Amino acid sequence: MTVKSVYNFVPAPEEKDVFKPDWAKQVSQDIPFSDGESGEIELTIKAETPIFIRNGHSKMDAEIHEKYKKGELTNPTDKERKAIERYLEFSNLERNGKKQYFIPGSSLKGMIRNVLEIISKSRLSQIQNHRHSVRQIMKPKGIVVDEGYDLKDKKAEINAGWLIYQDGKHYIYDCGKPFKIRHTDLDSKIDTDFENYFKKGGKAKLDDDFSARTARYKYKTFNIDYNKTYTFEEHPLDENDKQKSWVSKFQKLKYVRFTNSDFESFLGHIVCVGQASDYNNKTARKSEYVFTGNKNEILNNPQNRYEIKPEDYEDFLFVNRHNKNDELEDWTYLKRNVNAGIPVFFRKKEKEKVVEDFGIPFMYKQPTKYSVKDLKPYITYRQKQLDNDKFNYDLSETIFGTTNNDHKNKHEKTLKGRVFFAHMKCLSNIDENSLKKENVIMGSPRSSFFPFYLKQFGRNGVVSKFNTYNNESELSGFKRYYVHKTKNNFNNLIEEKSKMVTEFIPLPKGTVFKGKIRYHNLKKAEIGALLSAITFHNQTDKTFHSLGYAKPFGLGKVKININYSNSLDYIKEFEFEIRKKIKNWDISELISLAMESNQEIDYMELKDFQKVKDKGLYLQPFRQNNIKFRTISDDEIDDIKQQEIKQQEIIRNKKEEQFRKEKELELKPYKDAVKLADKYFKEEKWKEAYNQYLQAIELKDDEDYPKRQKNMCKDKIDAKKVLQKGLNIPVDLNDFNSGKQIISEFYKSKGGKYIEGDNAAQIKRFIQCCIQRSPKRWKKFGVKDWKLVEKWVGKDIAQQWFDEFIKS
């Protein structure tokens with residue numbers, strides 16, 4: 001079979017391959033770049049196919065239109081009719097009774113930013129962090145896909161329970177293993193007609209009405225109330241009964257019946273689940289479930305309670321398409337009673353008293369191991385933050401600002417955008433009477449369809465083993481729709497009764513719009529990136545943008561012309577910058593997807609999606625031949641690099657010279673102070689030298705020299721003060737240990753010169769008093785005390801005093 005798709009992917013870079021401009025940290029709205037430019041780019045947009053961007057409308061408008069579409073509003077009032085019109089119309093403002101159509105600036109910005117992210121190797125940012133689910137009960141022989149669904153081998157772990165919202169949290173109250181009850185037993189007791197409705201070709205008409213396969217259909221059709229309590233007993237089935245009622249080898253649960261014998265009885269509730277689509281006796285579901293116990297008693301016993309983590313409940317809501325247009329009917333039916341308790345199946349973690357996983361049918365969908373943002377390349381952006389590494393803005397964030405901070409370092413500031421998109425006014429005269437309503441079913445698979453949304457590595461479009469959300473896979477990248485040559489014929493794709501039909505009134509092919517993009521303080525390379533995104537890197541002759549609704553069917557194919565001088569020069573500036581850092585910069589896949597495609601562009605039928613998985617098929621990358629996009633040769637890039645290296649060397653040398661001069665200028669007052677201080681020091685002007693050294697220290701306190709010199713000056717000043725004061729030994733002092741301190745301080749103040757005159761006479765009198773007090777201490781010349789005396793007055797004088805006081 002052929003793998004068909006209306007879209008493909010352009011690979012997204014991992015963190016190590018993201019282009020991060022060197023100037024990103026310098027971006028400011030208030031402080032312009034020295035080479036920053038401000039201005040505007042004038043655009044003309046021509047629709048090459050019909051185009052539709054839905055008009056601004058309220059939730060009430062959408063609800064009124066939905067009722068009208070379903071036939072519930074047969075005779076709308078004027079106000080309701082106006083609401084229906086608003087919902088169907090192209091974006092417009094009404095002035096003087098005439099509609100002025102326009103393309104909102106936000107729509108144009110989103111389109112251009114997506115292209116710029118791809119061209120500039122920016123991060124894959126505009127994705128939802130969904131955790132998908134799987135439900136592959138069997139893997140028949142010859143089937144390639146294994147989605148990692150482990151409940152098929154762990155059915156014994158599945159319990160029945162009541163999901164309830166209490167005290168701001170969600171819980172499941174356990175009521176043990178579920179039982180099953182045959183349709184024939186239900187029909188015989190509570191006036192249902194399961195047997196006739198769900199036999200092959202039965203009244204339910206399962207082939208024609210998908211909603212008849214739901215539990216909701218059974219509850220509503222047979223008026224079954226899961227809150228009602230019945231009395232049951234285990235069913236004594238014989239082997240013939242087992243065949244007729246299909247006790248599955250894959251689902252070994254006991255059967256019960258309504259009490260009608262002496263068997264031990266118990267209370268329980270009848271719980272319906274969806275009906276299988278295959279109706280032979282070997283595989284068809286011929287029974288419903290019974291939850292044992294009385295619901296009210298179970299909900300009043302806290303021992304039965306298991307908490308659901310908020311993130312797990314969010315996953316459950318996502319699986320059931322909560323509040324989406326395609327919300328699962330069983331969830332729609334049950335959710336309104338969640339405050340009172342609704343029936344679910346679940347697995348539990350007994351020790352933690354929490355729910356492991358849960359769902360509405362017995363073999364419910366199981367959350368995958370990895371969410372979308374747990375995979376490459378996105379996980380590499382998040383890991384950068386976890387590693388507390390420096391996080392730099394990519395070029396898209398630098399130009400358009402940051403709108404999503406879940407990968408930002410907590411110290412990063414938020415950037416404001418420097419590009420502003422005005423509304424693009426319609427210049428064409430629109431004949432409103434000629435506009436026709438279109439109907440379309442948007443049947444695109446979601447990101448859960450891993451053969452398309454995850455990178456697969458096979459041969460000739462076939463793999464032996466799929467990458468899934470249960471292993472460490474990689475996202476396919478940026479999603480881009482193929483460019484159709486013409487609009488598809490919608491009418492052949494519409495199922496009249498489908499609830500997925502969407503109505504709208506597009507503007508015709510050839511409609512022209514005009515408007516401006518204004519920018520502030522952009523560098524040349526940034527302007528070049530913006531122009532590159534608008535022109536697909538100067539490839540306007542063969543490329544198209546896709547804008548608005550129903551792109552998978554060829555709507556919104558537009559050609560953009562720009563009025564901007566020297567645009568190629570700016571584009572080259574951008575290419576210079578990115579190729580300096582990314583050697584193998586390649587946008588051929590993007591250009592290929594922007595060109596008209598010769599291949600078949602169509603949705604696969606619903607039944608084919610499973611066939612693709614079963615056979616190991618996947619969406620292969622798309623690239624057309626002979627795509628040329630580079631505007632600069634490799635030699636030119638090398639020349640530019642060498643010129644920049646030389647320029648950087650010149651700038652570095654200038655900075656070093658400037659720094660040296662600034663340093664010299666900064667040090668001049670310090671050097672002058674030291675020079676003058678040294679002059680005073682040499683002249684023995686200690687006080688003046690001291691003050692100048694002190695001034696030098698205040699100017700530069702990390703130098704040791706002035707600090708040493710200042711201390712020396714202080715010693716000289718202190719010594720001078722002592723010398724001027726003179727020696728002063730008390731007349732009656734006869735303790736040599738006390739007196740020698742006084743004499744030594746005075747001796748030091750003289751600079752080591754002998755003490756003479758009256759000062760020496762004081763010392764002689766003092767020594768004589770000390771000898772009289774302790775004669776034995778002084779009887780030998782040359783010992784410790786006499787050595788000090790020799791030092792103070794000289795050896796000859798000391799000898800003379802010894803002879804006079806001791807020998808005589």
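Parameters and conventions
Positions within a chain are numbered from 1, following the residues in the order the chain's sequence is written. Given that this is a predicted model, residues contribute local features only at a pLDDT of at least 70 and side-chain atom pairs are listed and counted only at 80 or more, while totals for whole chains, interfaces and linings are drawn from all residues. Derived side-chain values reflect all non-hydrogen atoms in the structure, with water molecules and hydrogen atoms excluded from consideration. Whenever a helix is involved, its axis is fitted only over the stretch in contact; in every case the axis is a line through C-alpha atoms, and angles between N-to-C directions fall within 0 to 180 degrees. Here a strand is any run of E in DSSP of at least two residues, a helix any run of H or I of at least four, and the numbering for each starts at the N terminus. Working definition: roughly parallel below 35 degrees, roughly antiparallel above 145 degrees, roughly perpendicular at 65 to 115 degrees, and oblique for all remaining angles. It only takes one pair of heavy atoms within 4.5 Å for two residues to be counted as in contact. The classification used treats Ala, Val, Leu, Ile, Met, Phe, Trp, Tyr, Cys and Pro as nonpolar, Asp, Glu, Lys and Arg as charged, and all other residues, Gly among them, as polar. For two strands to be treated as a pair, DSSP must find at least two bridges joining them. Cavities and pockets are found on a 1 Å grid laid over the protein atoms alone: a cavity is a set of points where a 1.4 Å probe fits but cannot escape, a pocket is an open set with protein on both sides within 12 Å along at least five of seven lines, and a lining residue has an atom within 4 Å of such a point. Grid points are joined across faces, edges and corners, and a volume is the space filled by probe spheres set on the points. Summary of the burial criterion: residues with accessible area below 20% of their type's maximum are buried, those above 50% are exposed, and those between are partly exposed, where the area comes from a 1.4 Å probe applied to protein chains only. Throughout, the arc means the angular range of directions from the helix axis out to the C-beta atoms. Think of pLDDT as the predictor's per-residue confidence, scored from 0 to 100. Whenever Lys or Arg places a side-chain nitrogen within 4 Å of a carboxyl oxygen from Asp or Glu, that contact is recorded as a salt bridge. Patches draw on residues past 30% relative accessible area with no salt bridge. Two like charges within 9 Å are joined, as are two nonpolar side chains (Val, Leu, Ile, Met, Phe, Trp, Tyr) within 5 Å. What sets the accessible areas is the Shrake-Rupley method with a 1.4 Å probe; for residues, cover comes only from the shown protein chains. Positive charges come from Lys and Arg, negative ones from Asp and Glu, while His and the chain ends are left out of the count. A charged residue contributes its charge at one atom only: NZ of Lys, CZ of Arg, CG of Asp or CD of Glu.

Comments concerning the packing of helix α22 (residues 757-773) against helix α23 (residues 784-793)
Here comes step 1: Interaxial distance between α22 and α23 falls to 12 Å at its minimum, and their mutual angle equals 170°. Between α22 and α23, the interaxial angle falls into the category roughly antiparallel. In contact with Ile 763, Ile 767 and Ile 771 of α22, α23 contributes Trp 786, Val 789, Trp 792 and Val 793.
Here comes step 2: In the contact of α22 with α23, the residues fall into 7 nonpolar, no polar and no charged.

Overview of the sheet that holds strand β10 (residues 256-258)
Here comes step 1: Across the sheet, which stays open at both edges, the 5 strands sit in the order β8-β12-β11-β9-β10 with antiparallel pairing between neighbours. The open sheet terminates on both sides in strands that have one partner only, identified here as β8 (179-182) and β10. Put simply, the sheet's adjacent strands are angled 50° from each other on average, direction ignored.
Here comes step 2: Inspection of the sheet shows strand β9 (residues 230-234) paired to β10 by 3 bridges, in the antiparallel sense.

As for the packing of helix α14 (residues 524-535) against helix α15 (residues 567-581)
Here comes step 1: Across the interface, α14 lies against α15 with an axial gap of 7 Å and an inter-helix angle of 105°. With respect to α15, the axis of α14 lies roughly perpendicular. Of the residues in α15, those in contact with Lys 524, Ala 525, Ile 527, Gly 528, Ala 529, Leu 531, Ser 532 and Thr 535 of α14 are Ser 567, Tyr 570, Ile 571, Glu 573, Phe 574 and Glu 577.

Some points on the environment of Pro 508
Here comes step 1: Within the secondary structure, Pro 508 sits in the loop between β21 (501-504) and β22 (512-522).
Here comes step 2: In this structure, the C-alpha to C-alpha distance between Pro 508 and Trp 686, residues 178 residues apart in sequence, is 98 Å.
Here comes step 3: In this structure Pro 508 touches Ala 47, Pro 50, Ile 430 and Leu 435, once residues within four positions along its chain are discounted.

Describing the layout of surface pockets
Here comes step 1: Approximately 640 Å³ is the volume found for the second largest pocket.
Here comes step 2: What lines the second largest pocket is a set of 22 residues, and nearest its centre among them are Asp 22, Trp 23, Glu 577, Lys 580 and Glu 644.
Here comes step 3: Counting residues per element, the ones that place at least two in the lining of the second largest pocket are α14, α15 and α18 (634-682).
Here comes step 4: Looking at the lining of the second largest pocket, the element that brings in the most residues is α18, giving 6 residues.
Here comes step 5: Of the residues that constitute the lining of the second largest pocket, the class distribution is 8 nonpolar, 4 polar and 10 charged.

Things to note about the side chain of Asn 320
Here comes step 1: Examined against the element boundaries, Asn 320 turns out to sit in the loop between α9 (310-319) and α10 (329-335).
Here comes step 2: Filtering out sequence-adjacent residues up to four positions away, Asn 320 remains in contact with Glu 327, Leu 328, Trp 331 and Ile 360.

As for helix α17 (residues 606-615)
Here comes step 1: Along α17, the residues classified as buried are Asp 608, Phe 609, Val 612 and Lys 613. Looking straight down α17, one finds its buried side chains confined to an arc of 145°; they lie on one side.
Here comes step 2: Elements in contact with the buried residues of α17: α13 (450-453).
Here comes step 3: Two residues or fewer after α17 comes Gly 616, characterised by a positive phi angle close to 75°.

Concerning the environment of Ile 637
Here comes step 1: Structurally, Ile 637 can be placed in helix α18.
Here comes step 2: Excluding residues within four positions of it along the chain, Ile 637 makes contact with Phe 576, Arg 579 and Ile 632.

Section: the pairing of β8
Here comes step 1: Alternating positions in β8 separate into two faces, Phe 179 and Ile 181 on one and Lys 180 and Arg 182 on the other, with burial throughout.
Here comes step 2: Where β8 and strand β12 (residues 287-292) come together, 4 bridges link them in antiparallel fashion. Of the residues in β12, the one forming a bridge with Arg 182 is Ser 287.

Some points on the confidence of the model for the protein
Regions with low pLDDT carry predicted coordinates that are not meant to be interpreted in detail.
Here comes step 1: Across the protein, the average pLDDT comes to 87, with 91% of residues at or above 70.
Here comes step 2: Taken together, the stretch residues 406-411 has pLDDT below 50 and engages in 18 contacts with residues farther than four places along the chain or on a different chain.
Here comes step 3: Segment residues 490-497 is flagged for pLDDT under 50; beyond a separation of four residues in sequence, or across chains, it makes 15 contacts in the model.

Describing the pattern of salt bridges
Here comes step 1: By the definition in use, this model includes 56 salt bridges.
Here comes step 2: Residue Asp 17 pairs with Lys 16 through a salt bridge whose shortest N-O separation is 3.2 Å.
Here comes step 3: Exposure remark for Lys 16: the relative accessible area of 67% places this residue in the exposed category.
Here comes step 4: As a salt-bridge pair, Lys 764 and Glu 804 come within 3.1 Å of each other at their nearest N and O atoms. In this pair, Lys 764 is assigned in helix α22 and Glu 804 in helix α24 (residues 795-807), connecting sequence segments 40 residues apart.
Here comes step 5: Connected through shared salt-bridge partners, Asp 150, Lys 154, Glu 157, Arg 347, Glu 356 and Asp 357 make up one network.

A word on a negative patch on the surface
Here comes step 1: Together, Asp 635, Glu 636, Asp 638 and Asp 639 make up a region of like negative charge exposed at the surface.
Here comes step 2: Structurally, Asp 639 is set in helix α18.
Here comes step 3: Given the relative accessible area of 44%, Asp 639 is considered partly exposed.

Things to note about the pairing of strand β11 (residues 265-271)
Here comes step 1: Sheet topology places β9 next to β11; 4 bridges connect them, and they run antiparallel. Counted as the bridge partner of Phe 232 is Phe 266 from β11.
Here comes step 2: The pairing of β11 with β12 spans 4 bridges and is antiparallel. If you follow Ile 270 over to β12, its bridge partner there is Val 290.

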